[in-house]
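Coordinates in review
Here is how the chains run, residue by residue.
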Amino acid sequence: MDGTLVDTEPYWMAAETALVESFGGTWSHEDALQLVGSGLIDSAIILQGAGVDMAPEAIVSHLTTAVQESLRAQGVPFRPGAQELLRDLRAAGIPTGLVTMSLRRMALDVVGLIEFEAFDIVVAGDDVDNPKPHPEPYLQAAALLDVDIAEVVVIEDSPTGLRAGLASGALTLGVPHIVPLDGLGAHELWPTLDGRGAADLVELFGSRAAITEATR
């Protein structure tokens, strides 16, 4: 969600900085980058190491509330082409799921701001035992959609998310945003979703399936 569907990473970074500084610590842009795509509890533990004297669950709740307040005050900045691609996938009858390490309450807030029913299912950070880069979130999503993970295309913007998609066995497409994704093993990298539709994903899936078959 964050970075692929919506550009909320600046909101997260601002919330992290304010929290660390409230405990007398410092939090740089480089520090914030290491949390992109990570599970929230893992991120909270890193923030504890930066001086935040709160339980991990309390840190997660605090940051989620802060980001939700930013979304209400400043609006939801959707990434270029994301809503258009989702609309085209829905029109084509292709099942879609949102897999995010944000809390479910925040994910549902964002989904609720989309003007059409964009997703069949949502898997959030508090729905799984093992966050990305573990494959569990994507395997759970495939099970909820009742599809074989080998028939899934995962779209990710972070190294952690890419690793989760690849580990699950899905065809994994990287669309970099804040951090580069080169050399991480993505099946394909697109610079943007802008101008892309369902036909592009179908073509990508078909071409990769043909390559896999040819190398057997």
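Everything below is about the structure printed above this text.
Source: prediction; values computed, not measured.

Describing helix 6 (residues 104–112)
- Residues Met106, Ala107, Val110 and Val111 constitute the buried set of helix 6. For helix 6, the angular spread of the buried residues around the axis is 135 degrees, confining them to a single face.
- In this fold, the buried residues of helix 6 make contact with helix 1 (9–22), helix 4 (56–74), strand 1 (97–99) and strand 2 (121–123).

What to know about the packing of aromatic side chains
- This model, assessed by the stated rule, comprises zero aromatic pairs.
- The positively charged end of Arg196 is found above the aromatic ring belonging to Trp190, 3.9 Å away from the centroid.

Regarding unusual backbone geometry
- Cis geometry is adopted by the peptide bond preceding Pro133, which originates at Lys132 and carries an omega value of 15 degrees.
- Phi is positive for Asp146, which is not a glycine, with a value near 60 degrees.
- With relative accessibility at 71%, the residue Asp146 sits in the exposed group.

Some thoughts on the sheet that holds strand 5 (residues 188–189)
- Here three strands make up an open sheet; going across it, the order is 3-4-5 and the pairing parallel. Looking along the sheet, the strands with just one partner apiece sit at the ends: strand 3 (153–156) and strand 5.

What to know about the packing of helix 3 (residues 40–49) against helix 4
- At a closest axis distance of 8 Å, the pairing of helix 3 and helix 4 adopts a crossing angle of 105 degrees. What the angle tells us is that helix 3 and helix 4 run roughly perpendicular. Residue-level inspection shows Leu40, Ile41, Ala44, Ile45, Leu47 and Gln48 of helix 3 in contact with helix 4, the latter providing Pro56, Glu57, Ile59, Val60, Leu63 and Thr64.
- Its residues assigned to classes, the contact of helix 3 with helix 4 comprises nine nonpolar, two polar and one charged.

Observations regarding the side chain of Thr96
- If you trace the backbone, Thr96 turns up in the loop between helix 5 (82–91) and strand 1.
- One polar contact links the side chain of Thr96 to the main-chain carbonyl oxygen of Ala118, over a distance of 2.6 Å.
- Those residues in contact with Thr96, other than ones at most four positions away along the chain, are Leu86, Leu89, Arg90, Ala118, Phe119, Asp120, Ile121 and Leu145.

Some thoughts on the environment of Pro191
- Relative to the helices and strands, Pro191 resides in the loop between strand 5 and helix 9 (198–214).
- Exposure remark for Pro191: the relative accessible area of 66% places this residue in the exposed category.
- Residue contacts for Pro191: discarding those within four places in its chain leaves Val175 and Pro176.

Thoughts on the environment of Val153
- Turning to its location among the elements, Val153 is positioned in strand 3.
- Residues Val153 and Leu19, spaced 134 residues apart in sequence, show a C-alpha to C-alpha distance of 36 Å.
- Apart from the residues within four sequence positions on either side, Val153 is in contact with Leu171, Leu173, Leu201 and Phe205.

What about the nonpolar core?
- Within the largest apolar cluster, 46 residues are counted, with the highest numbers of intra-cluster contacts made by Met1, Leu5, Leu47, Leu98 and Phe119.
- The set of elements that each furnish at least two residues to this core consists of helix 1, helix 3, helix 4, helix 5, helix 6, strand 4 (171–174) and helix 9.
- Of the residues forming this core, the biggest block, six residues, is contributed by helix 1.
- Apart from the residues within four sequence positions on either side, Leu47 is in contact with Glu16, Val20, Trp27, Leu35, Val52, Ile59 and Leu63.
- Grouped together as the second largest cluster of nonpolar side chains are 13 residues, Val99, Tyr138, Val152 and Ala164 included.

Observations concerning the pairing of strand 4
- Of the two faces of strand 4, the one lined by Leu171 and Leu173 and the one lined by Thr172 and Gly174 are each fully buried.
- For strand 3 and strand 4, the ladder comprises four bridges, and the chain directions are parallel. Among the inter-strand pairings, Ile155 is bridged to a residue of strand 4, identified as Leu173.
- Handedness of the β-α-β unit built from strand 3, helix 8 (residues 159–168) and strand 4 comes out right-handed.
- Bridge count for strand 4 against strand 5 is two bridges, and the pairing is parallel. Its bridge partner lying in strand 5, Gly174 is registered against Leu189.

Analysis parameters
- Residues numbered from 1 in each chain as written.
- Predicted model: local features only at pLDDT ≥ 70, side-chain atom pairs only at ≥ 80, totals over all residues.
- Heavy atoms only, no water.
- Buried < 20%, exposed > 50% of the residue type's maximum accessible area, 1.4 Å probe, protein only.
- Helix = DSSP H or I, 4+ residues; strand = E, 2+ residues; numbered from the N terminus.
- Arc of directions from axis to C-beta.
- Contact = heavy atoms within 4.5 Å.
- Phe/Tyr/Trp six-rings, centres within 6.5 Å; stacked < 30°, edge-to-face > 60°.
- Lys NZ or Arg CZ within 6 Å of the ring centre and 35° of its normal.
- Pairing = 2+ DSSP bridges.
- Axes fitted to C-alpha atoms, helices over the stretch in contact; angles between N-to-C directions.
- Parallel < 35°, antiparallel > 145°, perpendicular 65-115°, else oblique.
- Nonpolar A, V, L, I, M, F, W, Y, C, P; charged D, E, K, R; others polar.
- Polar contact = N/O pair within 3.5 Å; in protein donor to acceptor, adjacent residues only side chain to side chain.
- Core = buried A, V, L, I, M, F, W, Y, C linked by side-chain atoms within 4.5 Å.
- Right-handed = clockwise from strand over helix to strand, strands pointing away.

By themselves these figures say nothing about function.
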